[in-house]
Structure formats: structure tokens, C-alpha cells
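Here is how the chains run, residue by residue.
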Amino acid sequence: MTAIEVRGLTRRYSGGFEAVRNVSFDVERGEMFALLGTNGAGKTSTVEVVEGLSRPAEGTVRVLGHDPFSERRLVRPRVGVMLQEGGFPPDLTVSEATGMWAGTLTSPRPVDEALSLVDLTHRASVRVKQLSGGERRRLDLALALLGKPEVLFLDEPTTGLDPESRRNTWKLIRALLLEGVTVLLTTHYLEEAQALADRLAIMHRGRIVAQGTVSEVVDAYPARISFVPPEGVPLPVVVEAEVSGRVTVRTNNLQESLHELLSWAHANGVVLSGLDARSASLEEAFLAIAEEAA
Ligand SMILES: Nc1ncnc2c1ncn2[C@@H]1O[C@H](COP(=O)(O)OP(=O)(O)OP(=O)(O)O)[C@@H](O)[C@H]1O
């Protein structure tokens, strides 16, 4: 079932500037969809409309079957929004701030449970202003999860988190997806989108310029094989780059090229040390797409 449906969305700011132009995408229940793009591409402008904070100039948006702007009353209790810097009174303790937020919801999770999800149990009696940047980010996530949302909006959820907290947050998000929660993510961390998103769209100047699963987006870009070649033997492949003795070969058919190379190595009894073969990363595809679009 479709949880988020965006059709032909256009958003204009006063003065007529079109920040979002004819954007369409669907997010199925239990799926994570990532919106990626350069600064000013229109991600926030899109997400704000999906969150029901603004009405589209053109097009339609449905969240859980309803118009999030005109039927906000029906949609709001079923969604969770992780804001950039939640803006709670800094003198409250973590558990007071969470409790205060819970007080505005119909059937919230217990405060302890929300804090334990984001590993903040041990910080419950600390004042919000004393939290580190990464802990504050995790508190923002706890607040978004308090209302047991069916649809979760995550805007740069792991900015400022140390590597371990980032992995723990990813683990939590994966568990939520398995429970059937739908997630719309905006992030500049392409590695995060690659690790978590079922599908993604890359925006540039208000438009979607690439959309699909991570592998659909990445497969259009050349894969890479690198190794340290044996000395004094001519290679059967065209080498693109050589850095500190390691050569890199680009290919649009990874399986075929790897097969050829390994067959050659086997037939000639040579060792390709440090052999590494991989598809283009999302980051490489993103940079190429952004360059093409510009
Ligand atoms: N209130 C506003 N009035 C006029 N123009 C705006 C307004 N808010 C955003 N814009 C413009 O709309 C475009 C899209 O901005 P938006 O914030 O949606 O981009 P973004 O993809 O979220 O960028 P970032 O990655 O930097 O957060 C930008 O050119 C921005 O300057």
C-alpha cells in the first residue's frame, strides 16, 4: 500500500520562484525513500508540503490516503517529524522535555521507552542544554518517535553523531522499517542513503533528475576494478589510473570484465594482489548526475 503519493508537485515562493517543479514519487508502506540533492535543490521545499506545512501551487500530495494540508487533523497524529533542533526549553531535563512533548499526544510511548530507543536513558536527568550536539539529535529523534508514527520524516537525522551512535541510529531506523513504519529521509550523507534507502530520488534545481533503487541509479555509472599488477607483464585491459603502483580499470560490465581479467591471470599464472572490484558508489553517481544536470 502506498503511504506517500506525490504527483506533479510544484511549489512557488512569493515573487513566483519555482523551488519545486513537477515532482512525482511514491513511497510504499514500510519503505524508506531518500530525497537527495545539492544545496537549494528543493528537498526541504518538497518535504514541507508532504508534511502538510504548506499547500502545493500545483499537483497533489497524499499521506496515508489524505491531503496532509487540508486534512491535517487526520494525518498529523499518524506521522512523526524529526525537526532540525527541536527547540524545547533548554532548562528542562531530557525526561521533562520528553514528558512535556508526550503530553501533547493522544497515545504516546512511555517516556522511558522513547529514551531507551535512542540510547539516552542514562541522560534522562540531564538538562537539555547540557547535552552534546549528537545527543540532542538523538533527543530530536526520540520526540519524533513518541507518537508511534506510521510515517516518519527524517531531516539529516545523523548530523553530528559519532560513528557508533550513527550505526545505532541506522539499526533503530531499520527496525522501524521492519515494523512497517514508512520513512522519508533527506540527507547529504550519501553513504546513509545507500545503507538505508529502498529507493531514492536525486533533485537538482527543483526537479527530480534521477530516481529508483540504489542499484538502478548506480548501475548507470561505470564500476571499478583495481589491483597491483604483476611486474613486467602487459595487462589485457586499458588502465584508467595508476596510484602508488595500484591500477584502476573502469567498466560498464563488471562481471564480464572481471571474468576476462581473472581468466587471463589464471592462464598466465599471475597474481593480482589487493584485487578490489566494486560498483560505482552512490556518491560517484550523485556527483556525475549533479554535473550532468548542471
Ligand atoms: N521562503 C522562501 N522564499 C523564497 N525562496 C525560498 C524560500 N525557501 C527556500 N527558497 C529557495 O528555494 C530553493 C530550494 O530551497 P530548499 O530549502 O527547498 O532546498 P534544499 O534542497 O532543502 O537545500 P539544502 O540542502 O541546502 O537544505 C532555494 O533556491 C531557496 O533559496
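The rules behind each value
Residues numbered from 1 in each chain as written. Predicted model: local features only at pLDDT ≥ 70, side-chain atom pairs only at ≥ 80, totals over all residues. Helix = DSSP H or I, 4+ residues; strand = E, 2+ residues; numbered from the N terminus. Expected span 1.5 Å × (residues − 1). Buried ≥ 20, exposed ≤ 12 C-beta atoms within 10 Å, placed from the backbone. Arc of directions from axis to C-beta. Contact = placed C-beta atoms within 7 Å. Near = placed C-beta within 6 Å. Nonpolar A, V, L, I, M, F, W, Y, C, P; charged D, E, K, R; others polar. Domains from an automatic or database assignment.

### Some points on helix α6 (residues 163-178)
Phase 1: Between its first and last C-alpha, α6 extends 23 Å over 16 residues, near the 22 Å set by a 1.5 Å rise per residue.
Phase 2: Those residues of α6 that fall on the buried side of the exposure criterion are R166, T169 and I173. Along the axis of α6, the buried residues cluster in a sector spanning 60 degrees; they form a single face. For α6, the exposed residues set more than 90 degrees away from the buried face come down to E164, K171, A175 and L178.
Phase 3: Contact partners of the buried residues in α6: α5 (133-145), β7 (182-186) and α7 (190-196).

### Observations regarding the site of the ligand
Phase 1: Around the ligand lies a shell formed by Y13, F17, A19, G37, N39, G40, A41, G42, K43, T44 and S45.
Phase 2: The greatest single-element share of the shell around the ligand, amounting to three residues, is contributed by helix α1 (residues 43-50).
Phase 3: Among the residues forming the shell around the ligand, the class breakdown is four nonpolar, six polar and one charged.

### Side note on the domain arrangement of the protein
How big an interface is tends to be expressed through the accessible area that disappears when the partners come together.
Phase 1: For the protein, the assigned domains are domain 1 (2-218) and domain 2 (223-278).
Phase 2: Here the C-alpha centre of domain 2 lies 43 Å away from the C-alpha centre of domain 1.

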